[in-house]
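Each chain, written out:
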Amino acid sequence: MASTPSNVTSTKHEQIMQHIQGLKVGTKISVRAVAKHLGVSEGTVYKAFKEAESSGLVSTKERIGTVRIDRKRREALDQLTFGEVAEIVEARLFGGGDGLDKSLHKFVIGAMELEAMMSYIDSGSLLIVGNRVSAHRCALEQGAGVLITGGFEPSAEIVRLANEQGLPVLSSRHDTFTVASMINRAMFDRLIKRKIMLLEDIVTFSKPADVIKSGSNLSDFHRLSRETGNFRFPVLDDRGRVIGMITAMDAMGSADDAAVDRVMTRHPITAAPNITVTSAAHTMAAEGIDLLPIVDRNRKLLGVVTRREVLDAMRFAGKQPESGETFEDLMWSGFIQSESNGTEEASISYRGAITPQMSGALGMASEGLVSTLMMQAARQMIRETGKRDFLLESMTSYYVRPVQIDSEVTIKPKAMELSRKFSKLEIEVLDAKGLAAKAMLTAQMIDPY
């Protein structure tokens, strides 16, 4: 069989990417359909889909499929502007103020000879360097901003050049190592934020929602139900504000000519677009609602989200690779799972060491940290045994005695009650001397991943 030239494959790949970019946000697409439409192999389309997903053009969710999305706002979390860098490192602006809103894509530490340094500097980068005027000048000429460390000030020539180029020249009192650490910490925090999924990340606001207008009657409700296959809709006033919710249960037993306003549920629960998907899942489960209107500050409807869409999004997020470790992740990283199968009932436990970073004011393990470790052990056990997660409702902790730094501890979570909706666990922390802490935890379960 003759092989396909690489340039043809590349051309087909570009065609697929252009096709995806040309689709409207919210459009559902599939590998098979795109392959048939463009006359290419499904393997080539699959590779393009993977690139489109990593670029934020599409999102693939279990039971939903692949959907064209717009994540420009969320992707912006990856890049800092020169103005944001100035705020992070407490820098003073000397010139090039017009460029503070520009995004930068790379940081260059000026700790080498000028000739070697220039091979790393390009347009859109930021040179972090001390009082080296020649380096300042070369960076600006290459289209890069300059951050001077150690509290040094730029020369008048550099300030003039910065203003001409529209590139910021900043000065920070901190040394180069401290500045680099501060920027790295800020970017790390942004990676963590990017992992947190918000409602606006999963809802297509450009797609109009099915609604009932105030003043309609139940015959309009039944007609819309037949057309859409749905049985719950937001009720809007003439300004597009959510004033109620109408469901099949509300309409039951009423005549077709009855006014929707008389049978609807007034003052329904709504959500803002920037709340987390987890918070929305908790609200919907706690209140027993299957459709959540998303509104702006004036309660004007922006879109709707179903409980199934929220849970699918949570399952999708749970399968994504880590993009930044939180303090909880760092604390738990040293613990490993072990199973006991002796005379007692088989159970899961977790073993690890209490490191000096976990110490509190008295030199022992921090009480708050011990509670966090117990909750992490409970979460891990439920994930392992039930492929589920939970939202904490209450936790009561008892500290029998202090836990020494550098001591090995075993954390044993035990399910006292585990149902589809709720869980109650008992968690013990044991060291070489025996029981050190204990907790009773109750939580609301989230549907399985």
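Everything below is about the structure printed above this text.
Because the structure is a prediction, the values reported are computed rather than measured. (Residues numbered from 1 in each chain as written. Predicted model: local features only at pLDDT ≥ 70, side-chain atom pairs only at ≥ 80, totals over all residues. Heavy atoms only, no water.)

(A) Representation of the packing of helix α7 (residues 133–141) against helix α8 (residues 156–165) in the model. The geometry of α7 relative to α8 is characterised by a closest axis approach of 10 Å and an angle of 10° between their N-to-C directions. Relative to α8, the element α7 lies roughly parallel. Two secondary-structure elements touch here, α7 through Val 133, His 136, Arg 137, Leu 140 and Glu 141 and α8 through Glu 157, Ile 158, Leu 161, Ala 162 and Gln 165. The residue inventory of the contact of α7 with α8, partitioned by class, reads 5 nonpolar, 2 polar and 3 charged. (Axes fitted to C-alpha atoms, helices over the stretch in contact; angles between N-to-C directions. Helix = DSSP H or I, 4+ residues; strand = E, 2+ residues; numbered from the N terminus. Parallel < 35°, antiparallel > 145°, perpendicular 65-115°, else oblique. Contact = heavy atoms within 4.5 Å. Nonpolar A, V, L, I, M, F, W, Y, C, P; charged D, E, K, R; others polar.)

(B) Region of interest: the sheet that holds strand β7 (residues 106–109). One open sheet accounts for 5 strands, arranged β5-β10-β9-β8-β7; its pairing is mixed. What marks the edges here is a single partner per strand, and that holds for β5 (92–95) and β7. Averaged over all adjacent pairs, the angle separating strand axes in this sheet is 25°, with direction ignored. Direction of pairing for β5 relative to strand β10 (residues 169–171): antiparallel, over a ladder of 3 bridges. Opposite Arg 92, over in β10, you have Ser 171 as the bridge partner. Where α7 meets the sheet, it contacts β8 (125–129), β9 (145–148) and β10, and its direction lies at approximately 155° from that of β9. The strands touched by α8 within the sheet are β5 and β10, with β5 carrying the most contacts at an inclination of about 85°. (Pairing = 2+ DSSP bridges.)

(C) Broad picture of the side chain of Asp 261. Position of Asp 261 relative to the elements: it lies in helix α13 (residues 260–263). Among the polar contacts made by the side chain of Asp 261, one reaches the main-chain amide nitrogen of Gly 215 at a distance of 2.9 Å. Beyond its immediate chain neighbours, meaning those up to four positions away, Asp 261 contacts Ser 214, Gly 215, Ser 216, Ile 243 and Arg 266. (Polar contact = N/O pair within 3.5 Å; in protein donor to acceptor, adjacent residues only side chain to side chain.)

(D) Region of the structure containing the pairing of strand β21 (residues 422–431). Direction of pairing for strand β20 (residues 408–418) relative to β21: antiparallel, over a ladder of 8 bridges. What sits directly across from Leu 418, in β21, is Ser 423. Between the end of β20 and the start of β21, which pair antiparallel, lie 3 residues. Looking at chain direction, β21 and strand β22 (residues 434–446) are connected through 10 bridges and run antiparallel. Counterpart to Phe 422 in the pairing with β22 is Gln 444. Joining the antiparallel neighbours β21 and β22 is a turn of 2 residues.

(E) Representation of the nonpolar core. In terms of nonpolar packing, the biggest core is built from 30 residues, with Leu 373, Phe 390, Ile 411 and Leu 441 touching the most fellow members. Taken together, the elements giving at least two residues each to this core come down to α16 (327–332), β18 (347–353), α17 (367–386), β20, β21 and β22. Of all the elements, α17 adds the most residues to this core, at 9 residues. If you look at the next biggest cluster of nonpolar residues, it comprises 19 residues, including Ala 271, Ala 281, Val 305 and Val 310. (Core = buried A, V, L, I, M, F, W, Y, C linked by side-chain atoms within 4.5 Å. Buried < 20%, exposed > 50% of the residue type's maximum accessible area, 1.4 Å probe, protein only.)

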